[in-house]
Amino acid sequence: STGLLLAEVARQVKAKYDPAAWAALSEAEQATAITAHATHCWHHIRNIVLKAQSTAQAAHVKEALKEELETFAAYERMTTDFDAVLRADYKELHHGGRYHKGK
């Protein structure tokens, strides 16, 4: 459950501190140190968690496949933008097909 996951995150953060250093923190500082964000919304996960990874991956793949990508015509809509792939997959595979945004 989400509660167990958040408790484990808090335990691991606290374990990284020297016990004296942790004890020296105020309750507010301790609470800030163990604050975690949990979401079950796929769109938020993709936009918040995966965005930085996707951007880095797209830049890497674009450089690595530069010559190959130049062989495609514009109408073939080839992209290294992983967000676009995620959106297309979601649009194609999501039950009800309710997601209408994307490239």
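Each remark here, short or long, concerns the structure printed above.
A brief structural summary.

Rules used in this analysis
Residues numbered from 1 in each chain as written. Predicted model: local features only at pLDDT ≥ 70, side-chain atom pairs only at ≥ 80, totals over all residues. Heavy atoms only, no water. Helix = DSSP H or I, 4+ residues; strand = E, 2+ residues; numbered from the N terminus. Buried < 20%, exposed > 50% of the residue type's maximum accessible area, 1.4 Å probe, protein only. Contact = heavy atoms within 4.5 Å. Areas by Shrake-Rupley, 256 points an atom, 1.4 Å probe, with all protein chains shown as cover. Salt bridge = Lys/Arg side-chain N within 4 Å of Asp/Glu carboxyl O. Polar contact = N/O pair within 3.5 Å; in protein donor to acceptor, adjacent residues only side chain to side chain. Phe/Tyr/Trp six-rings, centres within 6.5 Å; stacked < 30°, edge-to-face > 60°. Expected span 1.5 Å × (residues − 1). Arc of directions from axis to C-beta.

### What to know about the overall build of the chain
Part 1 of the argument: For the chain, the helix and strand inventory stands at six helices and zero strands.
Part 2 of the argument: Helices and strands appear in the chain in the N-to-C order α-α-α-α-α-α.
Part 3 of the argument: The burial tally for the chain puts 14% of its 103 residues in the buried class.
Part 4 of the argument: The long-range fraction of contacts in the chain, counting pairs at least 24 apart against all pairs at least 6 apart in sequence, stands at 44%.
Part 5 of the argument: Total accessible area on the chain is roughly 8,300 Å²; 60% of this is exposed by carbon and sulfur atoms.

### Brief notes about the pattern of salt bridges
Part 1 of the argument: Applying the stated criterion across every chain yields a total of one salt bridge.
Part 2 of the argument: For arginine 11, the salt bridge identified is with glutamate 8, shortest N-O distance 2.6 Å. Residue arginine 11 and its partner glutamate 8 are both found in helix H1 (residues 2-16); the two are separated by three residues, about one turn of the helix.
Part 3 of the argument: You can call arginine 11 partly exposed: its relative accessible area is 48%.

### As for the side chain of threonine 80
Part 1 of the argument: Considering the arrangement of structural elements, one finds threonine 80 in the loop between helix H5 (66-69) and helix H6 (82-93).
Part 2 of the argument: A relative accessible area of 13% means that threonine 80 is categorised as buried.
Part 3 of the argument: Looking at threonine 80, its side chain comes within polar contact range of the main-chain oxygen of alanine 58, at 3.3 Å.
Part 4 of the argument: Threonine 80 has contacts with Gln57, Ala58, Val61, Lys62 and Leu69, leaving out every residue within four places of it along the chain.

### Observations concerning the packing of aromatic side chains
Part 1 of the argument: Tallying each qualifying case throughout the model produces one aromatic pair.
Part 2 of the argument: Between tyrosine 17 and tryptophan 22, the aromatic rings sit 5.0 Å apart at their centres with planes inclined by 65°, giving edge-to-face as the arrangement.
Part 3 of the argument: Residue tyrosine 17 is classed as partly exposed on the basis of its relative accessible area of 33%.

### Digging into H6
Part 1 of the argument: With 12 residues, H6 extends 16 Å between its outermost C-alpha atoms, agreeing within 8% with the 16 Å of an ideal straight helix rising 1.5 Å per residue.
Part 2 of the argument: Of all the residues in H6, the buried ones are Asp83, Ala84, Leu86 and Tyr90. Down the axis of H6, the smallest arc covering the buried residues is 160°, so these residues share one side. Facing away from the buried side of H6, by more than 90 degrees, are the exposed residues Glu92 and Leu93.

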